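The lines below spell out each chain.
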Amino acid sequence: MPLAEFATEYAQLSAGEQALFAEAVRRLLAEGLIWRGDEGDTRVYAFLLRRRDLVAEYLQVAGWELRHDERAQVFQAVHRDGAHRRRLNRDTTIWLLLLRLIYAEKRERVEVSLTRYPTVTVGEVAGRFAEFFPGQAVRKKTSLDEALRTLQALKLIRAAGGGVLRAANNDQLIELLPTLEVVVPATAIAELAARLGEYQRGRAEGEEPV
């Protein structure tokens, strides 16, 4: 789209839509994704559905691609050169991969649930960690707390029923959100399992998180 055409279309937006345009761009670049299932994202998500092409053209100038996962109802901003990619430490990455595996397992099974999305208790997640890394569960409570905070802030998980997820609350339910499918696609599940195996071998050799 030529710059003049973009400017014309943008000028035709109402003041309210121009404000939404600015908010959508700011939040896409700051947060990485907009998910319709998040109450705070609903309005911006609806705007992106209406004005997707205009926002995409604006982002493209700076090297960003606007992606839309219709099934997961997620808009995502991805830089073509990997700029501004969120870096997670190794422990948080391990917890993320475990949660993604659990999400995939639960999606394959038919389970009765009081929540819209699959759930798992904090204690069950810690138990899965202990299966992969025997003898390290106790000292990993701190890293689980950090991972729960980080992944909840990234809109990948949330506390079923609201609130803050805490590693000390073994019975607390973690709701596994479809945004997990966006950041770790189903096609990457085999690679995911392999990476967990690598982490497992690394810890067995005494390596520390990076």
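Structure report, in brief.

This part covers the overall build of the protein chain. Secondary structure summary: the protein chain contains eight helices and six strands in total. Helices and strands in the protein chain line up, N terminus first, as α-α-β-α-β-β-α-β-α-α-β-β-α-α. Residues classed as buried in the protein chain amount to 44% of the 210 residues present. Taking contacts inside the protein chain between residues at least 6 apart in sequence as the whole, the part at least 24 apart equals 62%. Surface accessibility of the protein chain: about 11700 Å² in total, with carbon and sulfur atoms responsible for 50%.

Here the focus is the packing of aromatic side chains. Under the definition given, this model contains eight aromatic pairs. Ring plane angle 75° and centroid distance 5.3 Å describe the contact between Y10 and F21, whose orientation is recorded as edge-to-face. Taken together, the positions of Y10 in helix α1 (residues 3-11) and F21 in helix α2 (residues 15-31) put the pair eleven residues apart, joining distant regions of the chain. Aromatic rings pair up to connect F6, Y10, F21 and Y58 into one cluster.

Looking now at the sheet that holds strand β2 (residues 64-69). The strand order across the open sheet built from three strands is β1-β3-β2, with neighbouring strands paired in antiparallel fashion. Bordering the open sheet on either side are β1 (33-35) and β2, each of which pairs with just one other strand. Pairwise comparison of adjacent strand axes, ignoring direction, gives a mean angle of 15° for this sheet. Taken together, the six bridges between β2 and strand β3 (residues 74-79) define a ladder with antiparallel strand orientation. By the bridge assignment for β3, D69 is matched with V74. α2 rests against β1, β2 and β3 of the sheet, and its axis sits at about 110° to β1. Packed on one face of the sheet, helix α3 (residues 42-61) meets β1, β2 and β3 and runs near 150° to β2.

With that settled, the discussion passes to helix α6 (residues 141-153). In an α-helix, one turn spans 3.6 residues; hence positions three or four apart end up facing the same way. Its 13 residues place the ends of α6 18 Å apart at the C-alpha level, agreeing with the 18 Å of an ideal helix rising 1.5 Å per residue. All of the buried residues along α6 are S143, L144, A147, L148, T150 and L151. Those residues of α6 hidden inside the fold are in contact with α4 (90-108), α5 (122-132), β5 (157-159) and β6 (173-176). Count one or two residues on from α6 and you reach K155, which has phi positive near 65°.

Further remarks concern the pairing of β3. Burial analysis of β3 places six of its six residues in the buried class, the great majority of the element. Linking β2 back to β3 in an antiparallel pair, the connection comprises four residues, with Q73 at a positive phi of about 60°.

In a structure, side chains of opposite charge can pair up when their charged atoms sit close to one another. Throughout the structure, instances matching the rule amount to 13 salt bridges. For E17, the salt bridge identified is with R51, shortest N-O distance 3.3 Å. Of this pair, E17 sits in helix α2 while R51 is found in helix α3, placing the two residues 34 residues apart along the sequence. Given a relative accessible area of 16%, E17 falls into the buried group. Put simply, R158 and E175 hold a salt bridge, and the shortest N to O gap is 3.0 Å. Residue R158 is located in strand β5, and its partner E175 is located in strand β6; the two are separated by 17 residues in the primary sequence.

Rules of the game
- Residues numbered from 1 in each chain as written.
- Predicted model: local features only at pLDDT ≥ 70, side-chain atom pairs only at ≥ 80, totals over all residues.
- Heavy atoms only, no water.
- Helix = DSSP H or I, 4+ residues; strand = E, 2+ residues; numbered from the N terminus.
- Buried < 20%, exposed > 50% of the residue type's maximum accessible area, 1.4 Å probe, protein only.
- Contact = heavy atoms within 4.5 Å.
- Areas by Shrake-Rupley, 256 points an atom, 1.4 Å probe, with all protein chains shown as cover.
- Phe/Tyr/Trp six-rings, centres within 6.5 Å; stacked < 30°, edge-to-face > 60°.
- Pairing = 2+ DSSP bridges.
- Axes fitted to C-alpha atoms, helices over the stretch in contact; angles between N-to-C directions.
- Expected span 1.5 Å × (residues − 1).
- Salt bridge = Lys/Arg side-chain N within 4 Å of Asp/Glu carboxyl O.

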